[in-house]
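Structural features, examined
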Amino acid sequence: MSTPLQPLGDYVVAQADAAETKTASGLYLPEKAAEKPQTSRVIAVGPAARHVKVGDRIVYKSYANTDIKVNGADYILVKEEDILATVAGK
């Protein structure tokens, strides 16, 4: 995936995973009731980032990110040191 943002240093650009719209029991959730996603997919990494790569799913400190909208798309900008873990699967 191409992004108009090229992160500098150890910053990472990611996009939040889609919020769940259905519960495990099959009930559909209204948009306001859906939980905010807790994982994001990395779409670009700065030259100093060493532990994550494009395509990784990450969990990061909720207060440490910068939300930005470019060309109608929402992105998250976070320092690599504020990434808590990568998520296996999906």
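The text that follows walks through the structure, step by step, so that each part is easy to find. (Residues numbered from 1 in each chain as written. Predicted model: local features only at pLDDT ≥ 70, side-chain atom pairs only at ≥ 80, totals over all residues. Heavy atoms only, no water.)

Regarding the side chain of Arg57
Assignment of secondary structure puts Arg57 in strand S3 (residues 57–60). Take Arg57: its relative accessible area is 12%, and that puts it in the buried class. A polar side-chain atom of Arg57 sits 3.4 Å from a polar atom in the side chain of Thr39. (Helix = DSSP H or I, 4+ residues; strand = E, 2+ residues; numbered from the N terminus. Buried < 20%, exposed > 50% of the residue type's maximum accessible area, 1.4 Å probe, protein only. Polar contact = N/O pair within 3.5 Å; in protein donor to acceptor, adjacent residues only side chain to side chain.)

Re unusual backbone geometry
Positive phi values are uncommon outside glycine, yet Asn71 reaches one of about 55 degrees. In this fold, Asn71 is placed in the loop between strand S4 (66–70) and strand S5 (73–79).

Describing the environment of Val45
Considering the arrangement of structural elements, one finds Val45 in strand S2 (residues 40–45). Assessed through its relative accessible area of 23%, Val45 is described here as partly exposed. On a C-alpha basis, the gap between Val45 and Ala14 in space is 8.8 Å, while along the polypeptide they are 31 residues apart. Leave out the neighbours within four places in its chain, and Val45 touches Gln6, Pro7, Tyr11, Val12, Val52, Lys53 and Val54. (Contact = heavy atoms within 4.5 Å.)

Details of the nonpolar core
Across soluble globular proteins, nonpolar side chains have a tendency to be buried as a group. Counting nine residues, the largest nonpolar core is built from Val12, Ala14, Val42, Val52, Ile58, Tyr60, Ile76, Val78 and Ile83. Listed by contribution, the elements that provide at least two residues to this core are strand S1 (11–16), S3 and S5. Setting aside its immediate chain neighbours within four residues, Ile58 contacts Ala14, Gln38, Thr39, Ser40, Val42, Val52, Val78, Ile83, Ala85 and Thr86. In this structure, Leu5, Val13, Ala44 and Tyr75 belong to the second largest nonpolar core, which totals six residues. (Core = buried A, V, L, I, M, F, W, Y, C linked by side-chain atoms within 4.5 Å.)

Some remarks on the environment of Ser62
When you line up the elements, Ser62 lands in the loop between S3 and S4. Judged by its relative accessible area of 65%, Ser62 falls in the exposed class. Along the primary structure Ser62 and Gln38 are separated by 24 residues, whereas in three dimensions their C-alpha atoms are 8.4 Å apart.

It is worth stressing that arrangement in space is one thing and function is another; only the former is reported here.
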